[in-house]
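Here's the letter readout for the chains.
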Amino acid sequence: MSPPRPLPRCPGAFFSYETTKAVVVRSRRVGVLHRALQFLILAYFIGWVFLHEKAYQVRETAIESSVVTKVKGVGHYAGRVLDTADYVTPPPVMSPQGASVFVVVTKQILTENQVQGQCPEGDPRYRCTADQHCQEMGSATGSGMLTGRCVPFNRTLRTCEIWGWCPAEVDTVDVPIMLEAENFTLLIKNSVRFPLFGFEKNNLPPPGSGGNLSQCRFHPQDQPLCPILRLGDIARMAGQDFPTLAATGGVLGIKIGWVCDLDLGGEHCLPHYSFTRLDGRARAPASGYNFRHARYYRLHNGTEHRTLTKAFGIRFDVLVYGNAGKFSVIPTLINAVAAFTSIGVGTVLCDIILLNCLHGAEHYKARKFEEVPEVAVPAPPTSPTARTPEALGGCPRDPSSDSGTGSFGL
């Protein structure tokens, strides 16, 4: 009977089994590198992950917030004295003062006593010399519908005629700004809540703290917790010049950050204020911020009139963000296990260096990787007294392999 045929090489390699063999390399260079890598990995987890990022805490980022604002100040503009109801928009009937987004109007171009009718367009783009020019410009302008006729605008200028609110607006006139707005004050009442921890806090000083809320003014170093801010200071801390911003209009963001470590106690959870300009600063045709609104009224004869206002102003957006953290066992265990597991990366890097970079790498490979064929079990002997350990299913003892650890020096 012929002996069994051996398995092909590829299936034999597929059904092989690998087991760990410990090899001690007595090399000072590799040993120092190994300990240095372990120290760096451990320092990263202790210094950055645990102490800086507070990975031992569970964090709440779903912050709930409410914002109430109030502007105070009186200004003088175009021969009139303006109070809060005049220069803060949206008007109270649409959005009561106190919203987190509001506008302080600093410049206005008024077109008074407008009535429905036909009149020349005030936009210089609609200058003409004949009716044909107006008929080629389309059917509408920013002020009304074109009638197709070219009519005199004044003694020397002719423009296309429109049907709409007359007289048409002329928004190229130069008007002053309300400089008193720089000294107006803004009170911000902000309340936040972290529902995961059931923790609530607001930015106002607690009763009985001894602070005079009406007299304080926000300052990033001297009074960083005062909720009353001067509008000129907000523009300056956002890197803007207030008179220039008031002339063209713009959007400023007031950011209130609540980053709280509740392990230290709720009294250490304090707001942090920062300021920035939100709209584009590039010089573009639509740079700045302005809008139009109208006030309607009727005369005694029943004719409807209106006063059109093109307003330039500073829009303030109060933005609240934050998160809170508190110690928890689960993230602590997860990150601790990750730290101890990552220490093994040092061993992998040292193996790569030993196998590929150092002198004697082939010798290291020969001692680290070893192929052992399967041991065949011989047939049982005829005499029961002649049984050997190999016959009982054991393996022959090799004096050179008493343990699983081999030691050699490079």
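Residues numbered from 1 in each chain as written. Predicted model: local features only at pLDDT ≥ 70, side-chain atom pairs only at ≥ 80, totals over all residues. Heavy atoms only, no water.

A. Seen up close, the environment of Ala 140. Residue position: Ala 140 is located in the loop between helix H4 (131-135) and strand S8 (144-152). The class of Ala 140 is partly exposed, set by a relative accessible area of 37%. Linking Ala 140 and Ile 162, residues 22 residues apart in sequence, is a C-alpha distance of 8.0 Å. Setting aside its immediate chain neighbours within four residues, Ala 140 contacts Tyr 126, Met 145 and Leu 146. (Helix = DSSP H or I, 4+ residues; strand = E, 2+ residues; numbered from the N terminus. Buried < 20%, exposed > 50% of the residue type's maximum accessible area, 1.4 Å probe, protein only. Contact = heavy atoms within 4.5 Å.)

B. A look at the state of the cysteines. Considering all chains together, one arrives at 5 disulfides under this definition. At a sulfur-sulfur separation of 2.0 Å, the disulfide partner of Cys 216 is Cys 226. Taking the sign of the torsion about the S-S bond as the criterion, the disulfide between Cys 216 and Cys 226, at about 75°, is right-handed. One end of the pair, Cys 216, is in the loop between strand S11 (199-202) and strand S12 (228-230); the other, Cys 226, is in the loop between S11 and S12, with 10 residues separating them in the sequence. When its relative accessible area of 10% is taken as the criterion, Cys 216 is described as buried. The disulfide partner of Cys 260 is Cys 269, and the gap between their sulfur atoms is 1.8 Å. In this structure the cystine formed by Cys 260 and Cys 269 twists about its S-S bond by roughly 50°; its chirality is therefore right-handed. The class for Cys 269 is buried, based on a relative accessible area of 1%. Ordering the disulfide-forming cysteines of the protein chain by sequence position, one finds them joined as 1-6, 2-4, 3-5, 7-8, 9-10. (Disulfide = S-S within 2.5 Å.)

C. Region of the structure containing the nonpolar core. If you look at the biggest cluster of nonpolar residues, it comprises 42 residues, and the most contacted ones within it are Tyr 87, Ile 234 and Phe 316. Secondary structure elements with two or more residues in this core: strand S3 (64-72), strand S7 (101-120), strand S10 (185-194), helix H5 (231-237), helix H6 (242-248), strand S13 (250-261), strand S14 (272-277) and strand S16 (304-327). In contact with Phe 316, not counting residues within four places along its chain, are Ser 100, Val 101, Phe 102, Val 104, Leu 231, Ile 234, Leu 252 and Ile 254. Judged by nonpolar contacts, the second largest core, of 10 residues, contains Cys 128, Leu 146, Ile 162 and Ala 168. (Core = buried A, V, L, I, M, F, W, Y, C linked by side-chain atoms within 4.5 Å.)

D. Summary view of the side chain of Glu 169. For Glu 169, the location among the structural elements is in the loop between strand S9 (158-166) and S10. Of note is the side chain of Glu 169, whose polar atom sits 3.0 Å from the side chain of Arg 292. When neighbours within four sequence positions are excluded, Glu 169 is seen to be in contact with Thr 111, Gln 114, Gly 122, Ser 143, Arg 292, Leu 308 and Lys 310. (Polar contact = N/O pair within 3.5 Å; in protein donor to acceptor, adjacent residues only side chain to side chain.)

E. Structural context of the packing of aromatic side chains. Applying the stated rule across the entire model yields 8 aromatic pairs. Taken together, a centroid distance of 5.3 Å and an interplanar angle of 80° make the contact between Tyr 44 and Phe 45 edge-to-face. Taking 6.4 Å as the distance between ring centres and 40° as the angle between the ring planes, the aromatic pair formed by Tyr 56 and Phe 327 counts as tilted. Of the two residues, Tyr 56 sits in the loop between helix H2 (28-52) and strand S2 (57-60) while Phe 327 sits in strand S16, which places them 271 residues apart along the sequence. Pairwise contacts between aromatic rings join Phe 218, Tyr 273 and Phe 275 into one cluster. Positioned over the ring face of Phe 312 is Lys 107, at 4.3 Å from the centre of the ring. (Phe/Tyr/Trp six-rings, centres within 6.5 Å; stacked < 30°, edge-to-face > 60°. Lys NZ or Arg CZ within 6 Å of the ring centre and 35° of its normal.)

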